[in-house]
Amino acid sequence: MKVLYQTNIPNPYVVDFFNLLGKKCELTVLYERHFAKDRDKKWVGGSAKNYKEIYLRGKNIGSENSFCPSIIKYIKGDYDHIIIGDYSTYTAMWAIRYMRRHKIPYILSTDGGFANYEESNIKKRLKTYLIGGASKWLSPGGLSNEYLIHYGAVAERITEYPFTSLGEEDILSSPIELEEKKKIRESLGINCDVMIIGVGQFIYRKGWDVLASALKAGLFDTSKETHLDIQAYIIGGEKEKLEELVGMLPKNLHAIPFVSKKELFEYYKAADIFALPTREDIWGLVVNEAMACGLPVITTDRCNAGISLVEDNVNGYIVPKDDEVKLKEAVERLAYDDNLREEMSRHNLEKILKYTYQNKVESYISAL
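Residues numbered from 1 in each chain as written. Predicted model: local features only at pLDDT ≥ 70, side-chain atom pairs only at ≥ 80, totals over all residues. Heavy atoms only, no water.

Chemist: Residues and numbers for the layout of surface pockets, please.
Modeler: Here the second largest pocket is characterised by a volume of approximately 220 Å³. Taken together, the elements giving at least two residues each to the lining of the second largest pocket come down to helix H6 (178-187) and helix H13 (338-351). Broken down by element, the residue count for the lining of the second largest pocket peaks at five residues, all from H13. Split by residue class, the lining of the second largest pocket holds six nonpolar, three polar and six charged. (1 Å grid on protein atoms, 1.4 Å probe; cavity = no way out; pocket = protein on both sides within 12 Å on 5 of 7 lines; lining within 4 Å. Points joined across faces, edges and corners; volume = space filled by probe spheres on them. Helix = DSSP H or I, 4+ residues; strand = E, 2+ residues; numbered from the N terminus. Nonpolar A, V, L, I, M, F, W, Y, C, P; charged D, E, K, R; others polar.)

Rendered as structure tokens:
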């Protein structure tokens, strides 16, 4: 089975997935550019071992977009399936226009999305043309299905897959004991009673200013009149960039530059709570990663991963976006209850087991 797959950049989680998918089919991947302008250049995947990679020639536009007309040459090739992995780039739009005109079927894969019921008619018509013209759809499920159907997808032809950045080996077999966490923290130069971790670019959309406000307000348990040393570490950029977003950082909020996946997982293992106060994430793979390390998750009602994977009071909390008070309450509840964190940790390690590259590949092959 010969498969052509279009996507924009070789980020780490797509390269790992392609290498496994390439064991099940003859896979050719078209990349539009080598890296995103607004990302650390270290945020690229490994090498193509089990598939053929081609970098299209064209013009880069903005942070991640591009226009590569040469994609048509490959679409004309002899493939059993063509998968569009990022329909919103100019390159993909050009390809979809060509395929629709020449009645070439294509499968559209999405990492997530939110249906916009207030957008202009022109925008909706364009999205419906691009999305609705596919022959099949691959979706991480939940609100992403609603998103696809809103723009013309046929429910019966949607295949759900576990969207992930995890291999089976990345998921812990059991929660990490508190004493072990303290040892890992010491190795990272961190000393506190409770550690909160957040991961993501230092941009407004991620909501780090909301977390900063909650921390400035103080975190404590009024019922026990206990005060713990609670420190938050956000990984994803330089301190100056975070200060541009939130102003002067409270003493218990720290910025950590981009780190490798191996280093990142050490921070996950050292932490007690994961927080992503995002204003919108069409998925949010860092939620998967935090769960794989047994962390209770606090995120918002605008995070697709949270909505799909987090159940209130079971394995974390979903709070309204921009709600500093609810975020603060959720953090306090977890920070002052070791038993609750351990219980949620076990739920998360069990729930995330099916969210692996291996299971994602099986879902794709089933759809094909």
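Chemist: How would you sum up the environment of lysine 269? Please name residues and give values.
Modeler: Here lysine 269 lies in helix H9 (residues 261-270). For the pair lysine 269 and glutamate 324, spaced 55 residues apart in the sequence, the C-alpha separation amounts to 26 Å.

Chemist: Got a sec to walk through the nonpolar core? Specific residues and values, please.
Modeler: One finds Tyr268 and Phe274 to be the most contacted residues of the largest nonpolar core, which totals 93 residues. Sequence-distant contacts of phenylalanine 274, defined by excluding residues within four places in its chain, comprise Ile197, Gly198, Val199, Tyr268, Val286, Val287, Ala290, Leu295, Pro296, Val297 and Ile298. In terms of nonpolar packing, the next biggest core, distinct from the first, is built from 28 residues, Cys68, Tyr74, Ala95 and Tyr98 among them. (Core = buried A, V, L, I, M, F, W, Y, C linked by side-chain atoms within 4.5 Å. Buried < 20%, exposed > 50% of the residue type's maximum accessible area, 1.4 Å probe, protein only. Contact = heavy atoms within 4.5 Å.)

Chemist: A description of the pattern of salt bridges should follow, citing residues and the corresponding values.
Modeler: For the coordinates displayed, the defined rule picks out 16 salt bridges. In this structure, glutamate 362 engages lysine 24 in a salt bridge whose closest nitrogen and oxygen atoms are separated by 3.4 Å. Taken together, the residues span a long stretch of sequence, with glutamate 362 in helix H14 (residues 357-367) and lysine 24 in the loop between helix H1 (12-21) and strand S2 (26-31) at a distance of 338 residues. Note on glutamate 362: relative accessible area 42%, which makes it partly exposed. The exposure class assigned to lysine 24 is partly exposed, which follows from its relative accessible area of 48%. Sharing partners across several salt bridges, the network here consists of Arg185, Asp272, Asp338 and Arg341. (Salt bridge = Lys/Arg side-chain N within 4 Å of Asp/Glu carboxyl O.)

Chemist: Account for the packing of aromatic side chains, naming residues and giving values.
Modeler: A full pass over the atoms with the stated rule returns 15 aromatic pairs. Here the aromatic cluster, defined as three or more aromatic residues joined through ring pairs, consists of Tyr5, Tyr13, Phe17, Phe18, Tyr31, Tyr51, Tyr55, Tyr161, Phe163, Trp283 and Tyr364. Stacked on the ring of tyrosine 204, the Lys or Arg arginine 279 has its end atom at 3.8 Å from the ring centre. Residue placement shows lysine 360 over the ring face of phenylalanine 17; its charged tip is 4.1 Å from the ring centre. (Phe/Tyr/Trp six-rings, centres within 6.5 Å; stacked < 30°, edge-to-face > 60°. Lys NZ or Arg CZ within 6 Å of the ring centre and 35° of its normal.)

Chemist: I'd like a description of the environment of aspartate 170, backed by residues and values.
Modeler: Counting through the fold element by element, aspartate 170 comes out in the loop between strand S9 (158-160) and H6. Its relative accessible area of 16% is what places aspartate 170 among the buried residues. Once the C-alpha coordinates of aspartate 170 and phenylalanine 265 are considered, the two residues, 95 residues apart in sequence, prove to be 8.8 Å apart. With residues near it in sequence (within four places) discarded, aspartate 170 still touches Ser165, Lys261, Phe265 and Ala292. Looking at aspartate 170, its side chain comes within polar contact range of the main-chain nitrogen of glycine 167, at 2.8 Å. (Polar contact = N/O pair within 3.5 Å; in protein donor to acceptor, adjacent residues only side chain to side chain.)

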